[in-house]
Amino acid sequence: MEYQPNKNRYKEMTYNRCGDSGLLLPAFSLGLWHNFGEMDNFDNARTIVHKAFDAGITHFDLANNYGPPPGSAETTFGKILKEDLVQYRDEIIVSTKAGWKMWEGPYGDFGSKKYLVSSLDQSLKRMGLDYVDIYYHHRSDPSTPLEETMGALDLIVRQGKALYVGISSYDAKETKAAITMLKEMGTPCLIHQPRYSMFDRWIEDGLLDVLGEEGVGSIVFSPLEQGLLTNKYLHGIPESSRAASGRGNGALEADQITSEKLEMVAKLNKVAKERGQSLAQMALSWVKRDPRVTSVLLGVSRPEQLEDSLKALQNPEFNKEELSTIENILAGKA
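What comes next is a walk through the structure. Worth saying up front: this structure is predicted, and the values here are computed from it rather than measured. (Residues numbered from 1 in each chain as written. Predicted model: local features only at pLDDT ≥ 70, side-chain atom pairs only at ≥ 80, totals over all residues. Heavy atoms only, no water.)

## Comments concerning the environment of Y135
Which entries qualify depends on this criterion: By the criteria applied, helices consist of DSSP H or I runs no shorter than four residues and strands consist of E runs no shorter than two, each listed in order from the N terminus. When a residue's accessible area, from a 1.4 Å probe over protein chains only, is under 20% of the maximum for its type it is buried; when over 50% it is exposed; and in between it is partly exposed. Only heavy atoms enter the contact rule, under which two residues are in contact if any of them lie within 4.5 Å.
Here Y135 is to be found in strand β6 (residues 132-137). Y135 sits in the buried class, given a relative accessible area of 0%. As a C-alpha pair, Y135 and P106 span 29 residues in sequence and 21 Å in three-dimensional space. Dropping the residues within four chain positions of it, Y135 is found in contact with T96, K97, A98, L116, S119, L120, L153, I156, A162, Y164, V165 and G166.

If you want it as structure tokens, here you go:
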């Protein structure tokens, strides 16, 4: 049966302006880091994409190395796009990245112009696209001049292979320098993609200030610490969980689930219940509380998880007492 998207999809999602640009992004975007690889169930992946688009999620975030194996998430998404969403291409934001190892030899990693241009050409072929909406450098490269890396992003936009460019996981100082260079080249930095959650708050130490001052948007990944900030691990590690899968590629591992973290999770879960939310919903609302966060990436393995996460839109505000309680729990004072 031909896929027919929900006609009311744009009434159900909140859209935020990305920095000072003209681009609006959904409050929640779909990340394809895990669960869309060759080893994963295609029909499940397809259903998740459909559910996301039906809910007004217009932004689908990928990278050259997403899978496993690397590249297979782009192949999966390209197939779904071709078979179900091609007529809606102009309603969709597709992003991809390069910066981690993708192929053997000296040109398959980090931040050289050779790597970034070649990688995007490969990504476009895997997804069956003429261009991506956003292209990121995935991580800073201390061995390549920043001018070369930013120059490659500028070139890619001028070639028509990307509409916008961004950076991911750059610290505050590197971000400031990258933004300045791109501005001088005439290709503004649209967005930064950092990791951010209750358990990983490094962006609060300067990066958000830089983004706010420079008018650059942000889209945060791993807001649920790959499932740790949910009720999934409160009673042990389920056999079907990501932590038990041993899938690699940066996925949560069992030894990262410590007793100290689980004690915090249990206390946070209590606060969430008092708010009338699941822990996942509260954790998503918490990272979205800062107006400098444009969008939050959702990584889900089942359609039901996506539906649960989207309910965070119904209760996004925190009172001072709730924020204070959460701070005390995270600081080990409660």
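## Focus on the nonpolar core
The line we're drawing: For the purposes of this section, nonpolar cores are sets of buried Ala, Val, Leu, Ile, Met, Phe, Trp, Tyr and Cys residues that join through side-chain atoms within 4.5 Å.
In terms of nonpolar packing, the biggest core is built from 99 residues, with L30 and L268 touching the most fellow members. No other element matches helix α8 (residues 279-287), which puts seven residues into this core. Non-local contacts of L30, meaning those with residues more than four positions away in its chain, are made with F36, I48, V49, A52, I57, H59, F60, D61, L297, L298 and V300.

## Re the pattern of salt bridges
The cut-off we apply is this: When a carboxyl oxygen of Asp or Glu is within 4 Å of a side-chain nitrogen of Lys or Arg, the pair counts as a salt bridge.
The final tally for this structure, using the stated rule, is 23 salt bridges. Note that E307 is salt-bridged to K51, the shortest N-O span being 2.9 Å. Note that E307 is positioned in helix α9 (residues 303-310) and K51 in helix α1 (residues 42-54), a separation of 256 residues in sequence. Among the residues examined, K51 registers a relative accessible area of 34% and is labelled partly exposed.

## A short note on the pairing of strand β8 (residues 189-193)
Spelled out, the test is: Pairs of strands are assigned from DSSP output, requiring at least two bridges between the strands. For crossovers, right-handed means that the path from the first strand over the helix to the second runs clockwise, given strands pointing away from the viewer.
Counting buried positions along β8 gives five out of five residues, so the element sits mostly inside the fold. Here strand β7 (residues 162-168) pairs with β8 via four bridges, running parallel. Its bridge partner lying in β8, G166 is registered against I191. In this view, the connection linking β7 to its parallel neighbour β8 by way of helix α5 (residues 172-185) has right-handed handedness. Taken together, the two bridges between β8 and strand β9 (residues 217-220) define a ladder with parallel strand orientation. Within β9, the position partnered with I191 by the bridge is G217. Handedness of the β8-helix α6 (residues 207-214)-β9 crossover: right-handed.

## What to know about the sheet that holds β9
Spelled out, the test is: Lines fitted to the C-alpha atoms define the axes, with helices restricted to the stretch that makes contact. Angles between their N-to-C directions range from 0 to 180 degrees.
Read around the barrel, eight strands follow the order β3-β4-β5-β6-β7-β8-β9-β10 and close on themselves; strand pairing throughout is parallel. Taken over all neighbouring pairs, the strand axes of this sheet differ in orientation by 30 degrees on average, direction set aside. Examined bridge by bridge, β9 and strand β10 (residues 295-298) share two bridges and lie parallel to one another. Considered in β10, the bridge of I219 is made with S295. Set on the sheet, helix α4 (residues 146-158) makes contact with β6 and β7; between it and β7 the angle comes to about 160 degrees.

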